[in-house]
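# Tertiary structure, described
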Amino acid sequence: MPGRRASAFSADRARRAAETDRWLASLLGDEAGVALVAVGGYGRRELLPGSDLDVLLLHAGRPDVSVLADRIWYPIWDSGARLDHAVRTPQEGREVARGDLRAALGLLHARHVAGDPALTAGLRHGVLADWRAAAGVRLAELQALHTERTQRSGELAFLLEPDLKEARGGLRDANAIHAVAAAWVAPGPGPRVRAAHEFILNTRHALHDVTGRRGDRLVLQEQDEVARVLELADADALLGGLAGAGRTVAYALDQSFRQAQRSRGARPGAGLARSVLLGAGQHHAGRRGGGLARRGSLPVSAHRRPLAEGLVEQEGEVVLARSADPATDPVLPLRAAAAAAQAGLALAPRALARLAGCPPLPVPWPAEARDALAALLGAGQAAIGVWEALDQEELITRLLPDWERVRNRPQRNPLHTFTVDRHLVETAAHAAALTRTVARPDLLLIAALLHDIGKGWPGDHRLTGEVLARDTGARLGLAAGETDLVARTVRHHLLLSQTATRRDLDDPVTVAQVAQAVGSRPLLELLHALAIADGQATGPAAWNDWKAGLVSELVRRVGAALGGEPPAVPLPLRAEQIALAAGREPAVMAAGPEVTVVAPDRPGLLWQAAGVLASHRLAVRSANATSCGDMAVIAFTVAHQYGEPPDEVLVTGDLRRALTGQLDVAERLRRREQTAARPVAGVAPPTVTLVDDASHTATVVEVRAHDAPGLLWRIGQALGECGLDLRAARVETLGAEAVDVFYVVDAAGEPVKDAGTRGKIAAEVLGALAG
């Protein structure tokens with residue numbers, strides 16, 4: 001954030017606090033034996049336009065204190081300010097703080113405003129002494145509160161609409177760092193954390209200015225204006241700044257909790273609650289007892305276990321051995337990170353600070369550095385925290401300069417859980433579990449780490465990513481063939497998942513095109529493993545058993561094609577499907593996610609049946625139509641909106657009524673749409689594309705639109721208006737967006753070649769979607 005604007009916000013908060021101090025002092029007057037104390041955000045002089053006034057009236061036992069309180073509180077209420085107030089003696093204030101963690105946290109920032117300063121000083125000293133004496137219990141409670149808040153509000157760094165106060169890495173966590181430091185078991189926030197805290201606080205300040213009301217959630221429609229007020233380029237720059245600030249605060253709080261555990265006798269990761277068993281009497285509550293952690297000293301009996309060259313474990317962290325020489329060892333940062341991740345340990349802050357002084361790696365990297373990178377990434381989930389620690393010390397961008405363009409980069413896609421850089425690390429962590437399935441696990445891990453690296457540059461990120469992967473492969477010292485394999489994996493990392501969900505696997509062209517693009521089994525197995533890891537790292541909406549099954553089937557068929565085997569023929573109808581068709585009446589049969597519909601063959605049958613299924617809250621994922629004599633057999637793959645199986649009798653009855661014109665499917669779907677959530681303003685318009693080279697036997701129409709009930713039915717009806725018959729469909733829902741692919745033929749059963757009809761398709765489909 002530009003310094004001028006940041007200073008203006010800071011000055012505004014200080015001015016508000018000073019003006020409020022003077023006002024409250026005037027309300028109190030020259031009363032003896034009382035004091036007004038600012039607590040919480042007001043105590044920290046963080047008064048924003050929508051902030052509450054947290055005020056405590058302290059007294060030394062005055063019997064008329066309630067009258068005095070009314071004289072102060074009523075003018076504040078009359079002004080329209082939101083007041084959080086209390087009236088207590090210093091001893092009562094201490095007792096409340098002992099029993100209420102949130103009250104204690106507010107009183108840690110108690111600040112004298114007016115009246116008898118001795119009363120305020122007595123309360124402050126007492127609350128701080130109690131906090132330090134019971135640090136084992138209070139910090140365990142604080143960590144539990146932090147965990148609960150994270151589960152409820154998520155992580156500031158990775159949310160598209162973050163809660164600036166409650167989310168992990170937000171303002172509550174920044175204040176928690178102060179609370180841990182107040183127990184004298186860990187240092188207070190350093191310059192980076194203070195700058196991060198200030199950025200988040202200024203963002204909240206700007207949000208209050210923009211909206212004219214109190215609030216902590218930065219919703220999408222406010223982000224551009226908040227960014228403008230903060231003099232940032234755009235909303236993405238704002239979210240990127242918040243991601244960086246949130247990660248800095250979250251990492252610092254984790255470090256504070258870890259150091260608190262260590263200084264109070266608990267192994268880091270064992271939990272602060274363990275220290276409660278030691279009792280406050282065994283840990284001096286005064287400044288001398290806290291000085292141990294503040295100076296970073298270590299007990300004489302600390303055990304050091306060797307981990308790797310120049311690295312040992314000490315008190316549950318990885319530290320540099322006495323023999324280590326960071327000034328002459330460029331591989332040490334990667335070797336330390338690999339040792340920490342493989343051992344499931346954290347890098348000690350002192351070690352990280354020394355690693356920052358290592359010389360840069362030579363280009364190309366030596367083999368030892370490549371091996372250390374593979375060992376780090378191969379540790380799986382344990383690598384994520386270690387990578388974050390390196391990133392906080394800005395060591396990652398020294399190792400991989402192209403990382404800077406994706407660092408903290410937000411993803412405007414509801415499917416994605418993380419920023420681009422964190423998604424890459426998460427993908428590598430998931431890929432670590434799949435290394436036994438590929439011949440070159442090291443190349444899988446590197447490709448996973450780089451697969452979205454192109455998102456930091458304009459254009460198709462697959463193409464730019466391929467170029468960057470080649471550059472990075474050369475930097476890492478990979479052989480030419482290895483670099484080519486990694487780069488092609490990055491280039492084609494979406495090929496399997498997109499083809500499997502958007503193309504007909506029974507069409508020979510589908511498998512032939514993928515086989516031609518892949519060209520070899522080593523690349524195919526890398527792409528398969530990466531597709532799984534990428535989907536798992538993206539989020540639960542991006543990967544499921546249905547998609548995994550389609551991808552695996554595609555890989556099986558492509559592998560066979562690469563091996564020279566003949567194309568797989570479509571599976572024949574099962575006996576029960578043939579028997580259903582033999583009844584020569586419209587009928588429905590459900591078996592798990594598969595719903596089979598049979599009816600006399602007629603144009604438009606597939607989309608009519610899809611409309612009936614949609615009216616029963618069945619979301620169609622795929623559809624394939626085949627013939628059994630003069631009967632059509634359509635196999636749908638469906639998912640129920642509420643997870644319930646369809647009622648075959650009810651669906652069959654509605655199908656028969658729809659085919660005879662007795663059921664108005666359009667009206668039923670319209671009523672469903674009225675109860676569905678409406679798309680928010682700013683949703684991109686739908687698009688219609690004819691993909692000519694995807695099939696030799698049909699024309700492939702790809703439609704991208706906002707998802708809605710009966711979408712397949714509406715598109716199919718529009719295609720019917722063009723005189724086309726729908727033979728197959730693939731439906732993929734990505735968050736709130738649908739990518740629907742339709743295989744259509746003309747009245748003669750051939751691909752659509754008539755220019756007039758081809759031009760009409762897009763107009764009819766877009767018109768149906770607009771309606």
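First, a word on what this report is: a plain description of the structure on this page.

Thresholds, definitions, all that
- Residues numbered from 1 in each chain as written.
- Predicted model: local features only at pLDDT ≥ 70, side-chain atom pairs only at ≥ 80, totals over all residues.
- Heavy atoms only, no water.
- Helix = DSSP H or I, 4+ residues; strand = E, 2+ residues; numbered from the N terminus.
- Buried < 20%, exposed > 50% of the residue type's maximum accessible area, 1.4 Å probe, protein only.
- Contact = heavy atoms within 4.5 Å.
- Areas by Shrake-Rupley, 256 points an atom, 1.4 Å probe, with all protein chains shown as cover.
- Lys, Arg positive; Asp, Glu negative; His and termini not counted.
- Charge placed at Lys NZ, Arg CZ, Asp CG, Glu CD.
- Pairing = 2+ DSSP bridges.
- 1 Å grid on protein atoms, 1.4 Å probe; cavity = no way out; pocket = protein on both sides within 12 Å on 5 of 7 lines; lining within 4 Å.
- Points joined across faces, edges and corners; volume = space filled by probe spheres on them.
- Nonpolar A, V, L, I, M, F, W, Y, C, P; charged D, E, K, R; others polar.
- Salt bridge = Lys/Arg side-chain N within 4 Å of Asp/Glu carboxyl O.

### Remarks on the overall build of the chain
- Helix and strand content of the chain: 31 helices and 16 strands.
- Counting only residues that meet the buried cut, the chain has 53% of its 771 residues in that class.
- Within the chain, contacts between residues separated by at least 24 positions form 68% of all contacts whose residues are at least 6 apart in sequence.
- Here the chain has roughly 32900 Å² of accessible surface; of this, 53% comes from carbon and sulfur atoms.
- The chain carries 87 positive and 90 negative side-chain charges, and their two centres are separated by 6 Å.

### Focus on the sheet that holds strand β6 (residues 311-314)
- The four strands lie next to each other as β5-β6-β7-β8, forming an open sheet whose pairing is mixed. Only two strands of the sheet have a single partner each, and these edge strands are β5 (304-308) and β8 (346-347).
- Where β5 and β6 come together, four bridges link them in antiparallel fashion. In the sheet register, Ala308 faces β6, and the bridge partner there is Leu311.

### Points about empty space enclosed by the protein
- This structure, assessed with the given rule, holds two cavities of 30 Å³ or more.
- Reported here for the largest cavity is a volume of approximately 40 Å³.
- If you go around the largest cavity, the residues you meet are Arg247, Ile384, Trp387, Glu388, Trp403, Asp421, Arg422 and Val425.
- Elements that contribute at least two residues to the lining of the largest cavity include exactly α16 (382-392) and α18 (420-431).
- Its residues assigned to classes, the lining of the largest cavity comprises four nonpolar, no polar and four charged.
- For the second largest cavity, the calculated volume is near 30 Å³.

### Observations regarding helix α19 (residues 441-450)
- Counting buried residues along α19, eight of its 10 residues qualify, which places the element largely inside the surrounding structure.
- What α19 keeps buried is the set Leu443, Leu444, Leu445, Ile446, Ala447, Ala448, Leu449 and Leu450.
- Where α19 is buried, its residues contact α15 (367-377), α16, α18, α20 (461-476), α21 (480-491) and α24 (521-538).

### Quick look at the environment of Glu594
- Here Glu594 is to be found in strand β10 (residues 594-600).
- Using a relative accessible area of 24% as the deciding quantity, one classes Glu594 as partly exposed.
- In this structure the C-alpha to C-alpha distance between Glu594 and Val620, which are 26 residues apart in sequence, comes to 9.8 Å.
- When near neighbours in sequence (up to four residues on either side) are disregarded, Glu594 contacts Arg574, Gln577, Met589, Ala635 and Phe636.

### Examining the pattern of salt bridges
- Taken as a whole and assessed by the stated rule, the structure comprises 54 salt bridges.
- Note that Asp52 and Arg82 form a salt bridge whose closest N and O atoms lie 2.9 Å from each other. With Asp52 in the loop between α2 (40-43) and β2 (53-59) and Arg82 in the loop between α3 (65-78) and β3 (83-88), this residue pair connects regions lying 30 residues apart in the sequence.
- Judged by its relative accessible area of 24%, Asp52 falls in the partly exposed class.
- Residue Asp173 is joined to Arg149 by a salt bridge in which the shortest nitrogen-to-oxygen separation is 2.4 Å. Placement of the pair is Asp173 in helix α8 (residues 171-182) and Arg149 in helix α7 (residues 135-153), with a sequence separation of 24 residues.

### Focus: the pairing of strand β11 (residues 618-628)
- Looking at chain direction, β11 and strand β12 (residues 631-640) are connected through 10 bridges and run antiparallel. Bridge pairing in β12 links Ala623 to Phe636.
- Linking β11 to β12, which pair antiparallel, is a turn of two residues; within it Gly629 sits at a positive phi near 70°.
- Note: β11 against strand β15 (residues 725-734), three bridges, orientation antiparallel. Bridge pairing in β15 links Asn624 to Ala728.

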